[in-house]
Amino acid sequence: MDYESVEQIENGILLSNVKNFELKHIFECGQCFRWNKTQNGSYIGVAFNRVIEVQKQGEDVIIYNTDMKDFNLIWKEYFDLSTDYALIKESLKEDPLLNKAIDFGYGIRILNQECFEMIISFITSANNRIPMIKKCIENMSRMWGKPIEYNGKTYYGFPEVSKIAQASISELESTGTGFRAKYIKDTAERIYENNNIDYIRSLNDDECHNELMKFNGIGPKVADCIMLFSMQKHSAFPVDVWVKRAMIHFYLAPDVSLNKIRDFGRKKFNNLSGFAQQYLFYYARENNIKLD
Ligand code: 8HG
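Residues numbered from 1 in each chain as written. Predicted model: local features only at pLDDT ≥ 70, side-chain atom pairs only at ≥ 80, totals over all residues. Heavy atoms only, no water.

1. Details of the site of the ligand
Thinking step 1. The immediate surroundings of the ligand are formed by 16 residues, with Gly30, Asn128, Pro238, Gln277 and Gln278 found nearest.
Thinking step 2. For the ligand, whose accessible area on its own is 420 Å², the fraction buried by protein is 92%.
Thinking step 3. Sorting the residues of the shell around the ligand by element identifies helix 5 (115–125), helix 6 (130–144), helix 12 (220–230), helix 13 (241–251) and helix 15 (273–286) as the ones contributing at least two each.
Thinking step 4. No other element matches the three residues that helix 15 contributes to the shell around the ligand. (Near = heavy atom within 4 Å. Areas by Shrake-Rupley, 256 points an atom, 1.4 Å probe, with all protein chains shown as cover. Helix = DSSP H or I, 4+ residues; strand = E, 2+ residues; numbered from the N terminus.)

Structure below.
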């Protein structure tokens, strides 16, 4: 467990002596799209139809606008607080090449986010840039999500499956998703009809990956992101251009297809592949590494 104790405070909860928890690393490592930094250095985000604000004070973490009930029900798992990241890092650091990436993003934690939201978010992510993906998701939430007030501002929860399934393609396009609008609608319709996310999640990693790829707009990379960020499947190794560059940079892996790099990474890191991928993605993107 990566914190010592938790207590209720006036407008939230306080976690003391939290280890392996850096706000910038967690919220800016590419895994989430609904978190924004405030002027005082805290981050405000929307998840599970709630708005929370997270702040670090020394080794303590304060989560505002919540209570012990929601902490135990939602946030403890959302922030993956029962996982000992020191163990994961120690094990991954046996590989000396990953050291540099881990030292750089030492406070990363994999967030356990909502499946449907991740499915739609990562369909939106295909050939897209993170600031644009964030805008699309914000627009969808504004159009079909539940309004939530916090500190005089209105935020919006991520829409229910039915809302996106029933939206028109042109409405979906108007959120900025472009050619992905029809995939989003089709996938939401199928999930609405079959109600099969829990089933897909219950499958083993390889079967889950195959099943996700049956949806329109979900290829190997998008399926891996969904599995890693919302289904706790840690053998997932999503390879985008940044991870590809990092793998070539660190491992002198040959410049081959994304699928070959995926196989190479999964063999190397096994059930810690997803974590390794996140340290690599963050390192490569923040340092803008290029191949020479
Ligand atoms: O966390 C991520 N890992 C990987 N491998 N790819 C990601 C993550 N987050 C994210 O948005 N992407 C994709 O990378 C979306 C987009 O295609 C690109 C942004 O640099």
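We are not done yet, so read on.
2. Re the environment of Phe215
Thinking step 1. Within the secondary structure, Phe215 is located in the loop between helix 11 (205–212) and helix 12.
Thinking step 2. Residue Phe215 is classed as buried on the basis of its relative accessible area of 4%.
Thinking step 3. The spacing of Phe215 and Arg109 is 106 residues in sequence and 28 Å in space, taken between C-alpha atoms.
Thinking step 4. Not counting the four nearest positions on each side in its chain, Phe215 is found in contact with Thr187, Arg190, Ile191, Asn196 and Ile200. (Buried < 20%, exposed > 50% of the residue type's maximum accessible area, 1.4 Å probe, protein only. Contact = heavy atoms within 4.5 Å.)

3. Some words on empty space enclosed by the protein
Gaps left between atoms are located by rolling a probe of water-molecule size over the structure's atoms.
Thinking step 1. Tallied over the full model, the rule gives one cavity of 30 Å³ or more.
Thinking step 2. For the largest cavity, the calculated volume is near 50 Å³.
Thinking step 3. Forming the boundary of the largest cavity are Cys32, Phe33, Arg34, Trp35, Val46, Ala47, Tyr78, Gln113, Glu114 and Glu117. (1 Å grid on protein atoms, 1.4 Å probe; cavity = no way out; pocket = protein on both sides within 12 Å on 5 of 7 lines; lining within 4 Å. Points joined across faces, edges and corners; volume = space filled by probe spheres on them.)

4. A word on the packing of aromatic side chains
Thinking step 1. One pass over the full model with this rule turns up 22 aromatic pairs.
Thinking step 2. A ring pair is formed by Trp75 and Tyr78, whose centres lie 5.4 Å apart and whose planes are at 90 degrees; its orientation type is edge-to-face. On the criterion of helical spacing, the pair formed by Trp75 and Tyr78 is a turn pair, its members being three residues apart in helix 2 (residues 68–78).
Thinking step 3. For Trp75, a relative accessible area of 0% corresponds to the buried category.
Thinking step 4. An aromatic cluster is built from Phe21, Phe27, Trp35, Tyr43, Phe48, Trp75, Tyr78 and Phe79, whose rings are joined through pairwise contacts.
Thinking step 5. We note Lys182 situated over the ring of Tyr183; from NZ or CZ to the ring centre the distance is 4.9 Å. (Phe/Tyr/Trp six-rings, centres within 6.5 Å; stacked < 30°, edge-to-face > 60°. Lys NZ or Arg CZ within 6 Å of the ring centre and 35° of its normal.)

5. Remarks on the layout of surface pockets
Thinking step 1. Computed from the structure, the largest pocket encloses a volume of approximately 580 Å³.
Thinking step 2. In this structure, the largest pocket is lined by 27 residues; those nearest its centre are Ser125, Asn128, Lys221, Asp240 and Trp242.
Thinking step 3. A class-by-class count of the residues in the lining of the largest pocket yields 17 nonpolar, six polar and four charged.
Thinking step 4. Considered as a void within the structure, the second largest pocket measures approximately 410 Å³ in volume. (Nonpolar A, V, L, I, M, F, W, Y, C, P; charged D, E, K, R; others polar.)

6. What to know about the pairing of strand 6 (residues 60–64)
Thinking step 1. Summarising burial for strand 6: four of the five residues are buried, a large majority.
Thinking step 2. In this structure, strand 2 (residues 12–16) lies alongside strand 6, joined through four bridges in antiparallel fashion. Bridging from a neighbouring strand, Gly12 pairs with Tyr64 of strand 6.
Thinking step 3. Two strands pair when backbone bridges link them, and strand 5 (residues 50–57) and strand 6 are joined in this way by five bridges, in the antiparallel orientation. The residue bridging Gln57 from the neighbouring strand is Asp60, located in strand 6.
Thinking step 4. Counting the residues in the hairpin turn of strand 5 and strand 6 gives two residues, including Gly58, whose phi is positive at 60 degrees. (Pairing = 2+ DSSP bridges.)

7. Focus: the sheet that holds strand 5
Sheets are built from strands paired through backbone hydrogen bonds, the pairs being either parallel or antiparallel.
Thinking step 1. The sheet built from six strands is open, its strands ordered 1-2-6-5-4-3 with antiparallel pairing. With one partner strand each, in any of the chains shown, strand 1 (5–9) and strand 3 (35–37) form the two edges of the open sheet. Across the sheet, the mean angle separating the axes of adjacent strands is 20 degrees when strand polarity is ignored.
Thinking step 2. Where strand 3 lies against strand 4 (residues 43–47), three bridges are found, and the strand directions are antiparallel. In the strand pairing of strand 4, Lys37 is matched with Tyr43. (Axes fitted to C-alpha atoms, helices over the stretch in contact; angles between N-to-C directions.)

8. Topic: the side chain of His209
Thinking step 1. For His209, the position within the fold is in helix 11.
Thinking step 2. Exposure remark for His209: the relative accessible area of 6% places this residue in the buried category.
Thinking step 3. Dropping the residues within four chain positions of it, His209 is found in contact with Pro220, Ala223, Asp224, Met227 and Arg262.

9. Quick notes on the pairing of strand 4
Thinking step 1. Most of strand 4 sits inside the fold, with five of its five residues counted as buried.
Thinking step 2. On strand 4, burial covers both faces: Tyr43, Gly45 and Ala47 on one face and Ile44 and Val46 on the other are all buried.
Thinking step 3. Two successive antiparallel strands, strand 3 and strand 4, enclose a turn made up of five residues, where Gly41 displays a positive phi of approximately 95 degrees.
Thinking step 4. Where strand 4 and strand 5 come together, five bridges link them in antiparallel fashion. Bridge pairing in strand 5 links Val46 to Val51.
Thinking step 5. In this antiparallel pair of consecutive strands, strand 4 and strand 5, the connection spans two residues, and Phe48 shows a positive phi of 50 degrees.

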